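# Chains, contacts and geometry: an overview
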Amino acid sequence: MIEIKDLHKSYKMGSNSLHVLKGINFSVAEGELVAIMGSSGSGKSTLLNILGMLDEADSGEYTLDGVPIKNLNETKAANYRNKFLGFVFQSFNLINYKNALENVALPLYYQRMPRKQRQEKALKYLEQVGLKEWATHLPSELSGGQKQRVAIARAMAAEPKVLLADEPTGALDSTTSYEVMELIQKINDEGNTILIVTHEVDIANMCKRIVHLKDGVIIEDKKIKQIRAKAHV
Ligand code: ADP
Ligand code: MG
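Residues numbered from 1 in each chain as written. Chains lettered and ligands numbered in written order. Predicted model: local features only at pLDDT ≥ 70, side-chain atom pairs only at ≥ 80, totals over all residues. Heavy atoms only, no water.

Here we come to helix H2 (residues 74–84). Inspection of H2 places Ala77, Tyr80, Arg81 and Phe84 among the buried residues, and these make up the whole buried set. Considered in projection along H2, the buried side chains sweep an arc of 105° and stay on one side of the axis. Exposed residues pointing more than 90 degrees away from the buried face of H2 are listed as Thr75 and Lys83. Residues of H2 that are buried make contact with strand E4 (59–64), strand E5 (67–68), strand E6 (85–89) and strand E7 (162–166). (Buried < 20%, exposed > 50% of the residue type's maximum accessible area, 1.4 Å probe, protein only. Helix = DSSP H or I, 4+ residues; strand = E, 2+ residues; numbered from the N terminus. Arc of directions from axis to C-beta. Contact = heavy atoms within 4.5 Å.)

Listed below in structure tokens is the structure:
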């Protein structure tokens, strides 16, 4: 599904340059649930943003579902992004003046899906995250965990090939975090490929593989026996 080879990324800062990713190699097969771990500043978000085509590497190769991601213009990159990738962020990134259903339906609007169809689909995905009854509520009326579940429904409604989540539980208490992880595990059980950035060991242990970044290189990459989130709730 994902294949990257010798990926490098530096940020220019005046006359200086900060080498953030220093030759990253890894691949992710369909159906994997991967945690990307590492301390703050180790390059986790930079890597995820490149995988998510929100940013570009300086050198190296990136292939997503067989498509080489290179030198794409903004329109083409946006098309691939919409078609291939779903995003979940620590801060939910919901639109405050739109209700839960409208938030989930928005990416479908950009896919030019007719109104009735996108409403139905959005409701179906809200139901899957256990929030059908909350469809008409604004984000301000939802708890943090509920907001993140809406964000996950929004990402999944577009049926991405890969779900990318940057610290999805970073703003949540541990009970709520485990609820969100239970949902992520359920989505992964259905065969979806998911990458999660986290610096929390208990969250990483709920994945199936841990890739450990340090100072821009992978220092460890191991499959693990997954801990089910249910056990903690
Ligand atoms: P992590 O997500 O692991 O905390 P990041 O990938 O966000 O790490 O950042 C890695 C390093 O790159 C940090 O030192 C950070 O300050 C720097 N960095 C991140 N984004 C930018 C940017 N847009 N411009 C300059 N430096 C950046
Ligand atoms: Mg980060």
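Moving on from the model shown.
Quick look at the sheet that holds E7 now. Spatially, E6-E7-E8-E3-E9-E10 is the arrangement adopted by the six strands of the open sheet, whose pairing is mixed. The open sheet has two free edges, formed respectively by E6 and strand E10 (217–223), since each of these has just one partner strand. Strand-to-strand twist in this sheet, taken as the mean axis angle between neighbours without regard to direction, amounts to 15°. One ladder, built from five bridges, connects E7 with strand E8 (residues 193–197); its direction is parallel. From the neighbouring strand, Val162 faces E8, where its bridge partner is Thr193. Helix-sheet contacts for helix H1 (residues 44–51) involve strand E3 (33–37), E6, E7, E8 and strand E9 (209–214), and the interaxial angle to E7 is about 155°. (Pairing = 2+ DSSP bridges. Axes fitted to C-alpha atoms, helices over the stretch in contact; angles between N-to-C directions.)

We now examine the nonpolar core. Within the largest apolar cluster, 43 residues are counted, with the highest numbers of intra-cluster contacts made by Val104, Leu126, Val150, Ile152, Met181, Ile184 and Ile196. For this core, the secondary structure elements donating two or more residues are E3, helix H3 (100–110), helix H4 (115–128), helix H5 (144–157), E7, helix H6 (174–189), E8 and helix H7 (201–204). Tallying contributions element by element places H5 first for this core, with seven residues. Residues in contact with Ile152, not counting those within four places in the same chain, are Val88, Val180, Leu183, Ile184 and Ile187. (Core = buried A, V, L, I, M, F, W, Y, C linked by side-chain atoms within 4.5 Å.)

Next up on the list: H4. Between the first and last C-alpha of H4 there are 20 Å, a value that for 14 residues agrees with the 20 Å anticipated at 1.5 Å per step. By the burial criterion, the buried members of H4 are Arg118, Lys121, Ala122, Tyr125 and Leu126. Down the axis, H4 shows its buried residues gathered within 140° of arc, on one side only. Looking at the buried side of H4, the elements it contacts are H3 and H5. In the segment just after H4, Gly130 is the residue with positive phi, at about 80°. (Expected span 1.5 Å × (residues − 1).)

Let us look at the packing of H3 against H4. The interhelical angle for the contact between H3 and H4, taken along N-to-C directions, is 125°, at an axis separation of 8 Å. Compared by their axis directions, H3 and H4 come out oblique. Relative to H4, the crossing made by H3 is right-handed. Touching Ala100, Leu101, Val104, Ala105, Leu108 and Tyr109 of H3 are Arg118, Gln119, Lys121, Ala122, Leu123, Tyr125 and Leu126, all from H4. In terms of residue class, the contact of H3 with H4 is made up of ten nonpolar, one polar and two charged. (Parallel < 35°, antiparallel > 145°, perpendicular 65-115°, else oblique. Left-handed = near helix turned anticlockwise from the far one by under 90°. Nonpolar A, V, L, I, M, F, W, Y, C, P; charged D, E, K, R; others polar.)

Following the criterion strictly, the structure yields three aromatic pairs and no others. With a centroid separation of 5.5 Å and an interplanar angle of 75°, the aromatic rings of Tyr109 and Tyr110 are classed as edge-to-face. (Phe/Tyr/Trp six-rings, centres within 6.5 Å; stacked < 30°, edge-to-face > 60°.)

Two packed helices can be described by the angle between their axes and the distance between those axes. Packing of H5 against H6 leaves a shortest axis separation of 9 Å and a crossing angle of 20°. Compared by their axis directions, H5 and H6 come out roughly parallel. Relative to H6, the crossing made by H5 is right-handed. Within the contact between the two elements, H5 uses Gly145, Gln148, Arg149, Ile152 and Met156 and H6 uses Thr176, Glu179, Val180, Leu183, Ile184 and Ile187.

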